[in-house]
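# Summary of the model geometry
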Amino acid sequence: MPRPRKPRTCICPHRAGFAAVFKPAGTPLKDLEMLRLAHDELDALHLCDGQGKTQEEAGECMGISRGTVQRLLASARAKVAEALVHQKALAIAGAPAELAPLPCGELS
């Protein structure tokens, strides 16, 4: 039996649980392949690349290990790059595991 998933604190701007889809202009969504970016992947990307935090700091903010942040960040960067290069839709999927007060300060 796999180990239970550890709760994560997501503070990204899209934490309200609504779906957001980003796609190339001029192409109907029905004609595009869609990549799903999980909330925790988006949050790791936002904290490290958007706010300039280290993976260690991002891990503290999210309540997870630095290694998990590294894995999420690599996955998120690969999905964003694939969506941009191959002109695919990128959907922010899945509700965050836990909504909490912003532990790392205000969003910028």
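These numbers come from a predicted model, not from an experiment.

### Digging into the environment of Ala-91
With respect to the helices and strands, Ala-91 occurs in strand E3 (residues 89-93). Since its relative accessible area comes to 7%, Ala-91 is described here as buried. When the C-alpha positions of Ala-91 and Leu-37 are compared, they lie 5.9 Å apart, and in sequence the two are 54 residues distant. Not counting the four nearest positions on each side in its chain, Ala-91 is found in contact with Ala-20, Val-21, Met-34, Leu-35, Arg-36 and Leu-37.

### What to know about the sheet that holds strand E1 (residues 20-22)
The strand order across the open sheet built from 3 strands is E1-E3-E2, with neighbouring strands paired in mixed fashion. Across the chains shown, the open sheet's two edge strands, defined by having one partner strand only, are E1 and strand E2 (34-38). Here the strands of the sheet are splayed against their neighbours by 25° on average, with no regard to which way each runs. Bridge count between E2 and E3: 5 bridges; the pairing is parallel.

### Details of the environment of Lys-30
Inspection of the secondary structure assignment puts Lys-30 in the loop between E1 and E2. Classification of Lys-30 as exposed rests on a relative accessible area of 72%.

### Focus on the packing of helix H2 (residues 55-62) against helix H3 (residues 66-85)
Their axes nearest at 8 Å, the elements H2 and H3 cross at an angle of 100°. The angle between H2 and H3 falls in the class roughly perpendicular. Of the residues in H3, those touching H2 at Gln-55, Glu-56, Ala-58, Gly-59 and Met-62 are Arg-66, Val-69, Gln-70, Leu-72 and Leu-73.

### Some points on the pattern of salt bridges
In the structure shown here, the tally under the stated rule is 5 salt bridges. The partner of Glu-33 in a salt bridge is Lys-88, with the nearest N and O atoms 3.5 Å apart. Separated by 55 residues along the polypeptide, Glu-33 in the loop between E1 and E2 and Lys-88 in the loop between H3 and E3 bring together distant segments of the chain. With relative accessibility at 48%, the residue Glu-33 sits in the partly exposed group. Using a relative accessible area of 14% as the deciding quantity, one classes Lys-88 as buried. Salt-bridge contacts for Lys-79 lead to Glu-41; the nearest nitrogen and oxygen are separated by 3.0 Å. One end of the pair, Lys-79, is in helix H3; the other, Glu-41, is in helix H1 (residues 39-50), with 38 residues separating them in the sequence. If you follow the salt bridges from partner to partner, you end up with Glu-33, Glu-82 and Lys-88 in one network.

The rules we used
Residues numbered from 1 in each chain as written. Predicted model: local features only at pLDDT ≥ 70, side-chain atom pairs only at ≥ 80, totals over all residues. Heavy atoms only, no water. Helix = DSSP H or I, 4+ residues; strand = E, 2+ residues; numbered from the N terminus. Buried < 20%, exposed > 50% of the residue type's maximum accessible area, 1.4 Å probe, protein only. Contact = heavy atoms within 4.5 Å. Pairing = 2+ DSSP bridges. Axes fitted to C-alpha atoms, helices over the stretch in contact; angles between N-to-C directions. Parallel < 35°, antiparallel > 145°, perpendicular 65-115°, else oblique. Salt bridge = Lys/Arg side-chain N within 4 Å of Asp/Glu carboxyl O.

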